[in-house]
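# Chain and residue survey
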Amino acid sequence: MQMNELAEQVSAARSGDKHAMNDLFATLRPKVIRYCRARIRSNGPDHTAADDVAQEVFAAVLTSLHRFRGHEAAFQSFVFGIAANKVADHHRARSRDRTHLAAEPVDSTDPGPGPEQRVLRAELGERMRELLGLLTEAQREILVLRVAAGLSAAETAAIVGSTPAAVRVAQHRALQKLRQHLGGEG
């Protein structure tokens, strides 16, 4: 989507156009969901927690849309700023939650992946978190926005407060660092 089209949707949504608001959320929803899923650990295909956080992001955007005073082109930065805060809130709440509810008994078979696939996905997810842990917080955020959320260098730059060229350099250096680490493992 072009920034001009996004700016037009934001402007129309701020003036109360429900159709424009729906279009705006439909445009941003896949990116926000990918961002939340990349930042929130989930077990297997169940992305309930990440999807719930994404829903909270849109509820917060909806309630604060009338207060948004930035340039319409900065709206995506505004949305991903809210998303980053909601993800942080989720992690804080999870760290304080000490309850572990027992699973409900199931009368039918699970249509999802089997135990082997779940273990392999969990191992892959853990390995990805280990690799991302080698990077600085800024590099990690740029990779998540560029790769997981699928944002352009310009969109990512607006969110992290940088330039598109600096984002591309940081992404290149982060990927190079990961390649070197993986190459050293033999």
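Predicted model, so just to flag it, every value in this text is computed and none were measured.

Of all hydrophobic cores here, the largest spans 32 residues; its most connected members are Leu24, Val32, Tyr35, Cys36, Val57 and Phe75. Elements with a minimum of two residues in this core: helix H1 (3–14), helix H2 (18–39), helix H3 (48–64), helix H4 (75–96) and helix H6 (137–148). Of the residues forming this core, the biggest block, 8 residues, is contributed by H2. Two domains each provide a minimum of three residues to this core, namely domain 1 (1–101) and domain 2 (114–185). Look past the residues within four positions of Val32 in its chain and what remains in contact with it is Ala54, Val57, Phe58, Val79 and Phe80.

A few words now on the packing of H2 against H4. Packing of H2 against H4 brings their axes to within 11 Å, and their N-to-C directions diverge by 35 degrees. With respect to the hand of their crossing, H2 and H4 are arranged in right-handed fashion. Note on element contacts: H4 touches H2 through Phe75, Gln76, Val79, Phe80, Ala83, Ala84, Val87 and His91, opposite Leu24, Leu28, Lys31, Val32, Tyr35, Cys36 and Arg39. A breakdown of the residues in the contact of H2 with H4 according to their chemical character gives 11 nonpolar, 2 polar and 2 charged.

Along an α-helix, a turn takes 3.6 residues, which lines up residues three or four apart on a common side. In a regular helix each residue adds 1.5 Å, so 22 residues correspond to 32 Å; H4 covers 32 Å between its end C-alpha atoms and thus fits that length. All of the buried residues in H4 are Phe75, Gln76, Ser77, Val79, Phe80, Ile82, Ala83, Val87 and His90.

This part covers H3. With 17 residues, H3 should reach 24 Å at 1.5 Å per residue; the first-to-last C-alpha distance of 24 Å fits that figure. Looking at the buried side of H3, the elements it contacts are H2 and H4.

Attention shifts here to a negative patch on the surface. A contiguous patch of negative charge on the surface is contributed by Glu5, Glu8, Asp17 and Asp23. Mapped onto the fold, Glu8 is located in helix H1.

This part takes up the side chain of Glu141. The residue Glu141 is located in helix H6 in this model. Since its relative accessible area comes to 15%, Glu141 is described here as buried. Setting aside anything within four residues of it in sequence, one finds Glu141 in contact with Tyr35, Arg39 and Val160.

In contact at an axis separation of 8 Å, H4 and helix H7 (residues 153–160) are set at 60 degrees when each is read in the N-to-C sense. With respect to H7, the axis of H4 lies oblique. Relative to H7, H4 is oriented so that their crossing is right-handed. Every residue of H7 that contacts H4 at Gln76, Ser77 and Phe80 is listed here: Glu155, Ala158 and Ile159.

Conventions used here
Residues numbered from 1 in each chain as written. Predicted model: local features only at pLDDT ≥ 70, side-chain atom pairs only at ≥ 80, totals over all residues. Heavy atoms only, no water. Core = buried A, V, L, I, M, F, W, Y, C linked by side-chain atoms within 4.5 Å. Buried < 20%, exposed > 50% of the residue type's maximum accessible area, 1.4 Å probe, protein only. Helix = DSSP H or I, 4+ residues; strand = E, 2+ residues; numbered from the N terminus. Domains from an automatic or database assignment. Contact = heavy atoms within 4.5 Å. Axes fitted to C-alpha atoms, helices over the stretch in contact; angles between N-to-C directions. Left-handed = near helix turned anticlockwise from the far one by under 90°. Nonpolar A, V, L, I, M, F, W, Y, C, P; charged D, E, K, R; others polar. Expected span 1.5 Å × (residues − 1). Patch = residues over 30% accessible without salt bridge, like charges linked within 9 Å, V, L, I, M, F, W, Y side chains within 5 Å. Areas by Shrake-Rupley, 256 points an atom, 1.4 Å probe, with all protein chains shown as cover. Salt bridge = Lys/Arg side-chain N within 4 Å of Asp/Glu carboxyl O. Lys, Arg positive; Asp, Glu negative; His and termini not counted. Charge placed at Lys NZ, Arg CZ, Asp CG, Glu CD. Parallel < 35°, antiparallel > 145°, perpendicular 65-115°, else oblique.

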